[in-house]
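Remarks on the overall topology
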Amino acid sequence: MAVTSEVSGDGKTVTIKVAGRFDFSEQKEFREAYRNHTTPGQQFQVDLSGTEYMDSSALGMLLLLKEHADSCKGKVELNKPSEAIRKILEMTNFNRQFTIN
Amino acid sequence: MEAITEPARVALGNRGKALVVDDDITNRLVLKSMLAKSGFEVIQAEDGEQALLKYTAGRPDIVFMDVMMPVMDGFEAARRIKSLAGNEFIPIIFLTALTDEKSLARCIEVGGDDFLSKPFSYTLLEAKIQSMERIRDLNREVAGLYRQIQHEEEIAERIFNGAVTNDNVMLEQIKTLLRPAAIFSGDMLLTTYSPTRDLHVLLADFTGHGLAAALGALPASEVFRTMAGKGFLVEEILRGINRKLHHLLPTGLFMAAQYVCINSDLEYITVCNCGMPDILLLDADGRHISTRIVSRGLPLGIDPDVDYGEIREYRTINRGDRVVLASDGVIEATNINGEMFGEKRFEQALCEKEHETLKSVGEALDVFCKGATPSDDISLVEVQCVPEILPVWDMQVLLHEKAEAKDKPALDENEMADSLEFNLLVEGRFLRNADPVPLIINHLVDSTDCELPRQTLFVILSELFVNALDHGVLELDSALKHRDEGFEHYFKQRDQRLAALDSGQIRISVRLYEMREGGRIDIQVEDSGAGFDYLAWEAKVAEESVPSGRGIYLLHQLCESVTYYAPGNRVFAVYRWDNNG
């Protein structure tokens, strides 16, 4: 499975990992990974270290995640993107919408 | 379509047609009576060859096939029937006396869907048939849904072509390489002219493909054409599209865009890149990339409050320069090894041969992607900055109208009475983003039934307003434009001074006289600046060596009179037209 998720012991942080291609085919799994986490102040960490490719639908999915996080006053961080993915995020100026580590 | 609404067919006596293929008449008759009891209409064949004929003539819903037969055996017949059936799912069940694993495996290899060893029980046969029918019904449902989607995409494409792309200005000088991944692609190219003949080009890339991607195409193109056609500035048009899309599109759907506006003097371009690969500016022969404009903006439809005035840029151009727009599909085109075409290969191909920019890229893509299915839309557009891309100023028509009007006697008292006047004052910080000309024109059009020469009025008003703002309030020196990269410097200084502006004013008065067959407009523009050397300017006009600039030249040509008042910060222009001219 390309999308895996993990909740920290205290339940405050959800880490979503997307491996391989991050595109429209991951939409359902990606949404399932966060939709039931609505605790106020919920942290969402998206681990992109294993993501090889990302298209515009993936960017759209990240925006949906951000909207979800905003609705429960939470936060989204994108972690460890490869050089190529970082370039896409910069080109689309998503680096101003998200914290990228 | 029927498969979508029709429930699984189980009613006895109505299970469709079965083809029984066996060279042994006893076997055929036994099977026939079993199938008839289960509700099948049965047709028969004695060997493989006859089976093909019966299949073609009778179009059965299911086939029962013996293996060893004279003329053509069951394996060959099954292979051919499957190939005749194409995308339609026609289950073939082998009934065979063979029991060795190899032969049974072969039944499936040649395209059979299941097998049963003879002798078989009626219960087992019935179970297999039901299982096949379930698969067949599912197949039909999927095929039906697929047809429905295709049908809808075709309709969407027709609407798209009719409403979006057919209105584009089509020019030989705008070269394109467009390869959509889906029928209905997420990429869109829009072109149109402003009233001052500037060419506006927008290459957009919506999230995803197909219908979802196309949702935003109609509103975006509508706003683009309407606002550009009314003469709004690039930043205003982008703001309009952005707001509309943000309002209409759900989160997660957005539009990346490359925007280029080529000014009608072919002196500079206004560019804005929102989430797309670099916009490239190439020399006339296409061998060298002189400038690249990187993405500075967020794609449109995400954040409603983007100030595009801060991210659009100006670049000086030379005649013949080529502006190249490209969607990410070009760079991300992938070959069978999963490798991407990439920026380096793209730019190398682009500059490889003189004048063959897009053609070379197309060829390089063909070689690189051979055998791979494209996963994203590929759009590549090149506009060459030559006079041919601009519409011809119909000076004859414009001046003809004026000449005709000149011959008319002066307005009489009664006619002078039918008039409308309004004043507009833009002051202080409001001047920073002021774009009052389209608003004035709209207001005039809304206030009168008579037909106004919109384009001419636009040119006159724009020229008067821009002069008042740039040279009056902002005190910019137009000599700046004539140096190397002059327009960059000029507009940079203009942006800086505008951003810091918190005093100054421009007052515009417009008075419209409506007459039986035309009209007259008096325009007065006054700014808070120190004024310019209007006497020298008038002297040049008098000796017919009008200073450079399309605007001033046209202003002088179009208006019945243009009068400056001391100290050169107030101008009064009179324009008359005749609708029967």
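As the structure is a prediction and not an experimental result, all values here were calculated from the model.

**Examining the overall build of chain B**
Counting its regular elements, chain B contains 19 helices and 20 strands. Here chain B has a C-alpha radius of gyration of 36 Å; the compact-globule value for 581 residues is 25 Å, and the former is much larger. Expressed along its principal axes, the backbone C-alpha trace of chain B runs to roughly 115 × 55 × 40 Å. Burial statistics for chain B: of 581 residues in total, 51% are counted as buried.

**Topic: the pattern of salt bridges**
A side chain of one charge can pair with a side chain of the opposite charge when the charged atoms of the two come close. Residue and element names in this part refer to chain B. In the structure shown here, the tally under the stated rule is 34 salt bridges over all chains. When the shortest N-O distance is used, the salt bridge between Glu 76 and Arg 80 registers 2.9 Å. Of this pair, Glu 76 and Arg 80 both sit in helix H4 (residues 74-85), four residues apart, which is roughly one turn of the helix. With a relative accessible area of 24%, Glu 76 lands in the partly exposed category. On the accessibility criterion, Arg 80 (39% relative accessible area) is partly exposed. Of the charged contacts, one joins Glu 347 and Arg 292 as a salt bridge, the two residues approaching to 2.9 Å between their closest N and O atoms. Separated by 55 residues along the polypeptide, Glu 347 in helix H11 (residues 342-350) and Arg 292 in strand S12 (residues 289-293) bring together distant segments of the chain. Among the charged side chains, a salt-bridge network with shared partners connects Arg 15, Glu 126 and Glu 133.

**Things to note about the packing of aromatic side chains**
Residues and elements named next belong to chain B. Counted by the stated rule, this structure contains 15 aromatic pairs over all chains. Ring centres 5.5 Å apart and planes at 85° place the aromatic pair Tyr 490 and Phe 491 in the edge-to-face group. Take Tyr 490: its relative accessible area is 1%, and that puts it in the buried class. Residue classification places Phe 491 among the buried positions, given a relative accessible area of 7%. The side chain of Arg 570 reaches across the aromatic face of Tyr 565, ending 4.3 Å from its centre.

**So, empty space enclosed by the protein**
Enumeration over the complete set of coordinates arrives at four cavities of 30 Å³ or more. When its volume is computed, the largest cavity comes out at roughly 140 Å³. In terms of lining residues, the largest cavity is bounded by 17 residues, among which A:Ser56, A:Leu59, A:Thr92, B:Gly275 and B:Asp328 are the most central. Of all the secondary structure elements, the ones that give two or more residues to the lining of the largest cavity are helix H2 (56-71) and helix H3 (83-91) of chain A together with strand S8 (199-206) of chain B.

**Section: the interface of chain B and chain A**
In this complex, chain B contributes 19 residues to the contact, which on the side of chain A involves 17 residues. With both sides pooled, the region where chain B packs onto chain A buries about 1400 Å², and carbon together with sulfur makes up 57% of that total. Considering only the side of chain B, the residues that lose the most area to chain A are B:Thr251, B:Phe254 and B:Leu298, jointly responsible for 31% of the buried surface there. The interface formed by chain B and chain A contains one salt bridge. A salt bridge links B:Glu343 to A:Lys87; the nearest nitrogen and oxygen atoms lie 3.0 Å apart. At the junction of chain B and chain A, the tally comes to eight residue pairs in polar contact (both at pLDDT 80 or more). When grouped by side-chain class, the residues that make up the side of chain B that touches chain A number eight nonpolar, eight polar and three charged.

**Details of the packing of helix H1 (residues 27-35) of chain A against H2(A)**
Residue and element names in this part refer to chain A. For the pair H1 and H2, interaxial distance at closest approach is 11 Å and the crossing angle is 15°. Relative to H2, the element H1 is oriented roughly parallel. Crossing geometry of H1 relative to H2 is assigned as right-handed. Contact with H1, carried on its side by Gln 27, Phe 30, Tyr 34 and Arg 35, involves Met 61, Leu 62, Leu 64, Leu 65 and His 68 of H2 and no other residues of that element.

**Concerning the nonpolar core**
When a protein is soluble and globular, its nonpolar side chains tend to lie buried together. Residue and element names in this part refer to chain B. Residues Leu 444 and Ile 506 are the most contacted members of the largest nonpolar core, which totals 50 residues. Among the elements that take part in this core, helix H16 (residues 454-473) stands out by supplying ten residues, more than any other. Leave out the neighbours within four places in its chain, and Ile 506 touches Leu 424, Leu 425, Val 426, Leu 431, Phe 465, Ala 468, Leu 469, Val 473, Val 525, Glu 526 and Asp 527. Formed by 32 residues, the second largest nonpolar core is a distinct cluster that contains Phe 160, Ala 204, Met 227 and Tyr 259.

**Points about the sheet that holds strand S17 (residues 505-515) of chain B**
Residues and elements named next belong to chain B. Across the sheet, which stays open at both edges, the five strands sit in the order S16-S17-S18-S20-S19 with antiparallel pairing between neighbours. In the strand order of this sheet, the two ends are held by strand S16 (419-427) and strand S19 (561-565), each with one partner. Across the sheet, the mean angle from the axis of one strand to that of its neighbour is 10°, orientation sign disregarded. Bridging between S16 and S17 involves nine bridges; their strand directions are antiparallel. By the bridge assignment for S17, Leu 425 is matched with Arg 507.

**Examining H16(B)**
All names here are of chain B. The terminal C-alpha atoms of H16 lie 27 Å apart, and with 20 residues this matches the ideal 28 Å at 1.5 Å per residue to within 8%. Within H16, 16 of the 20 residues are buried, leaving the element largely enclosed by the surrounding structure. In the stretch just after H16, Glu 475 is the one whose phi turns positive, near 55°.

**Here we look at helix H2 (residues 25-37) of chain B**
Residues and elements named next belong to chain B. Taking 1.5 Å of rise per residue, the 13 residues of H2 would be expected to cover 18 Å, and the 18 Å separating its terminal C-alpha atoms lies within 8% of that figure. Inspection of H2 places Arg 28, Leu 31, Met 34 and Leu 35 among the buried residues, and these make up the whole buried set. Along the axis of H2, the buried positions cluster into a sector of 135°, meaning they face one direction only. Summarising the geometry of H2, the exposed residues directed more than 90 degrees from the buried face are Ile 25 and Lys 37. If you follow the buried residues of H2, they end up packed against strand S1 (17-21), strand S2 (41-45), strand S3 (62-65), strand S4 (92-96) and helix H6 (122-165).

Calculation rules
Residues numbered from 1 in each chain as written. Chains lettered and ligands numbered in written order. Predicted model: local features only at pLDDT ≥ 70, side-chain atom pairs only at ≥ 80, totals over all residues. Heavy atoms only, no water. Helix = DSSP H or I, 4+ residues; strand = E, 2+ residues; numbered from the N terminus. Rg over C-alpha atoms; globule rule 2.2 N^0.38 Å. Buried < 20%, exposed > 50% of the residue type's maximum accessible area, 1.4 Å probe, protein only. Salt bridge = Lys/Arg side-chain N within 4 Å of Asp/Glu carboxyl O. Phe/Tyr/Trp six-rings, centres within 6.5 Å; stacked < 30°, edge-to-face > 60°. Lys NZ or Arg CZ within 6 Å of the ring centre and 35° of its normal. 1 Å grid on protein atoms, 1.4 Å probe; cavity = no way out; pocket = protein on both sides within 12 Å on 5 of 7 lines; lining within 4 Å. Points joined across faces, edges and corners; volume = space filled by probe spheres on them. Contact = heavy atoms within 4.5 Å. Buried area = accessible area lost by both parts, 1.4 Å probe. Polar contact = N/O pair within 3.5 Å; in protein donor to acceptor, adjacent residues only side chain to side chain. Nonpolar A, V, L, I, M, F, W, Y, C, P; charged D, E, K, R; others polar. Axes fitted to C-alpha atoms, helices over the stretch in contact; angles between N-to-C directions. Parallel < 35°, antiparallel > 145°, perpendicular 65-115°, else oblique. Left-handed = near helix turned anticlockwise from the far one by under 90°. Core = buried A, V, L, I, M, F, W, Y, C linked by side-chain atoms within 4.5 Å. Pairing = 2+ DSSP bridges. Expected span 1.5 Å × (residues − 1). Arc of directions from axis to C-beta.

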